Amino acid sequence: MEHQTTTSARALGAALKPRQLTMMGLGSAIGAGLFIGSGAGIQAAGPAVLISYLVAGTLIILVMWALGEMAAANPDSGAFSVYTAKAYGPVAGATVGWLWWIQLVVVIAAEALGAAGLLATIFPALPVWLMAFVFIVVLTAVNLTSVKNFGEFEFWFALLKVAAIVGFLLVGFALLFGWLPGVQSPGLTNFTGSGFAPSGFAGIATALFVVAFAFGGTEIVSVAAAETAEPARSVKKAVRTVLWRILVFYIGAIFVIAAVVPAGSAGLKSPFAAVLDAAGMPGAATAITLVAVAALLSALNANLYGASRMAFSLAERGEAPRWLASVSKARVPVVAVLASVAFGVVTVVLELIFPEMVLGVLLNIVGSTCLLVWTSALLAQLALRLRADRDGTELPLRMPGFPWLTSLGLLILAAIFTVGFIGEDSRPQLLSTFALVAVLAVANWLNKRNRRLASVEESSERAKEPVLTD
């Protein structure tokens, strides 16, 4: 695990500020999965979903520590792809990189359409297709100007989401303590007796598979670290401040929802709005819808950034077409940005022409990608940390409790995969993702072999050339 700034970090510049990196890590985990999708976990496990969130939260803390340790020592826009390559070879690294890139470009389309669809519920006169393309064009422009503009844009997006969560927690706890005039507190009756875990351990396990995906996106901090002025210091701050904030916001919000909204309630389709309605807050549904739109656009912005940087890194390493490594005067990988967004645009067009026939299939294929990325990060950190300790290499940030905590993270992931394979609904998703991994691994192995053969042929041709002497 070399302590150095890589070529890609120098080529892309270092314009991101520590506050932007910190808020990016926090905001990327607070998305539509929390604002809208958290109800699914409560439906599966009841208030006992808190246990599922604590386990998933522990996992993401361990993953972020592992990524932070590697990113501080070796900041690179390829992040976990580069670290996996260092630990287990270029084919493994390229496979992880391409897997993550495919996930992001598919999700870009889903987020554009999702944000447009939500906004259409408030402004039905606006066509969904038009809003989706406006979102993509605007955020592409943000990513093309400079990384500084991207960072500032993402900072304010994240701040809006954090402010919404803080406001929600204040209202929720005021409701539970009976401090709201004219509104009766529901108390903690949902947590007593059999109502706490109506489906028992099976429900908690099922919810664990569901809620794990809510933390997807936090790994982008390790990608963005390459474009900060002081990667080691910035990553340290991001890791140490983001972790406890994520747990406070997630666990706090889920506690309030589980206490106020019963497990079988129809209000869990929009859990935040259900709590605010119970608190007698007018316009709650509209407010939460707008926050969810902002969350989706923030994720789109961050995913386009992450996809372009991963494509750039893959191109630099010879694992993608070389033209993807082109950098503008503003030190932005323009071609990689445009190539990444092009896939999303094509997917949006196909989804609009063939509704529910394209995007759903693609999302199912890449649905479990984040679990595999987290697994690769922990495995890479395990190998590289052992190598660094054996060689006596000093690291600017060291994951505590190594190797036991890294092993704990891998055990939690193994449990999530086991639950996923047992479930009839989740099994096809996992199998599809593993099939994609197999295809990518073969393609990358063939690419490596062809490059090696081409290099051998080129060396042979040079050896045959006559040597000119005076």
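The name an unreviewed UniProt entry gives the chain is AAT family amino acid transporter, with Pseudarthrobacter defluvii as the organism. The heading Subcellular location (unreviewed entry) in the UniProt record of the chain holds the text "Membrane".

A. Inspection of the packing of helix α17 (residues 369–391) against helix α18 (residues 404–422) at higher detail. Where α17 meets α18, the closest approach of the two axes is 10 Å, and the angle between their N-to-C directions is 155°. Regarding the angle of α17 to α18, the classification is roughly antiparallel. Of the two elements, α17 crosses α18, and the hand of that crossing is left-handed. Contacts between α17 and α18 pair Leu 371, Leu 372, Trp 374, Thr 375, Leu 378, Leu 379, Gln 381 and Leu 382 from the former with Thr 406, Gly 409, Leu 410, Leu 413, Ile 416 and Phe 417 from the latter. Looking at the contact of α17 with α18 residue by residue, the class counts come to ten nonpolar, four polar and no charged.

B. Quick look at the environment of Lys 148. Summarising the element assignment, Lys 148 is placed in helix α9 (residues 147–176). For the pair Lys 148 and Ala 330, spaced 182 residues apart in sequence, the C-alpha separation works out to 9.7 Å. When residues no more than four places from it in sequence are discounted, the contact partners of Lys 148 are Ala 15 and Gln 20.

C. Focus on unusual backbone geometry. Residue Pro 403 is bonded to the preceding Phe 402 through a cis peptide linkage, with omega at 5°. For Pro 403, the location among the structural elements is in the loop between α17 and α18. Its identity is not glycine, yet Ala 79 carries a phi of approximately 40°, on the positive side. Following the sequence through the fold, Ala 79 ends up in helix α6 (residues 79–88). Residue class for Ala 79 comes out buried when judged on its relative accessible area of 0%.

D. Representation of the packing of aromatic side chains. Scanning the model with the defined rule gives 16 aromatic pairs in all. Between Trp 101 and Phe 343, the ring centres sit 6.0 Å apart and the planes meet at 70°, which makes this aromatic pair edge-to-face. With a gap of 242 residues between them, Trp 101 in helix α7 (residues 90–122) and Phe 343 in helix α15 (residues 334–353) connect regions that are remote in the sequence. Ring centres of Phe 155 and Trp 156 lie 5.3 Å apart, and the angle between their planes is 90°; this geometry places the pair in the edge-to-face category. Taking relative accessible area as the criterion, Trp 156 reaches 51% and is therefore assigned exposed. Following the ring pairs from residue to residue traces out a cluster consisting of Phe 173, Phe 191, Phe 196 and Phe 255. For the cation-ring pair, Arg 19 lies above Phe 155, with the distance from its terminal atom to the ring centre recorded as 4.5 Å.

E. Spatial organisation of α7. With 33 residues, α7 extends 48 Å between its outermost C-alpha atoms, agreeing within 8% with the 48 Å of an ideal straight helix rising 1.5 Å per residue. Burial runs high along α7: 24 of the 33 residues are buried.

Rules and cut-offs
Residues numbered from 1 in each chain as written. Predicted model: local features only at pLDDT ≥ 70, side-chain atom pairs only at ≥ 80, totals over all residues. Heavy atoms only, no water. UniProt positions renumbered as here; feature names shortened; annotations may be inferred. Axes fitted to C-alpha atoms, helices over the stretch in contact; angles between N-to-C directions. Helix = DSSP H or I, 4+ residues; strand = E, 2+ residues; numbered from the N terminus. Parallel < 35°, antiparallel > 145°, perpendicular 65-115°, else oblique. Left-handed = near helix turned anticlockwise from the far one by under 90°. Contact = heavy atoms within 4.5 Å. Nonpolar A, V, L, I, M, F, W, Y, C, P; charged D, E, K, R; others polar. Buried < 20%, exposed > 50% of the residue type's maximum accessible area, 1.4 Å probe, protein only. Phe/Tyr/Trp six-rings, centres within 6.5 Å; stacked < 30°, edge-to-face > 60°. Lys NZ or Arg CZ within 6 Å of the ring centre and 35° of its normal. Expected span 1.5 Å × (residues − 1).

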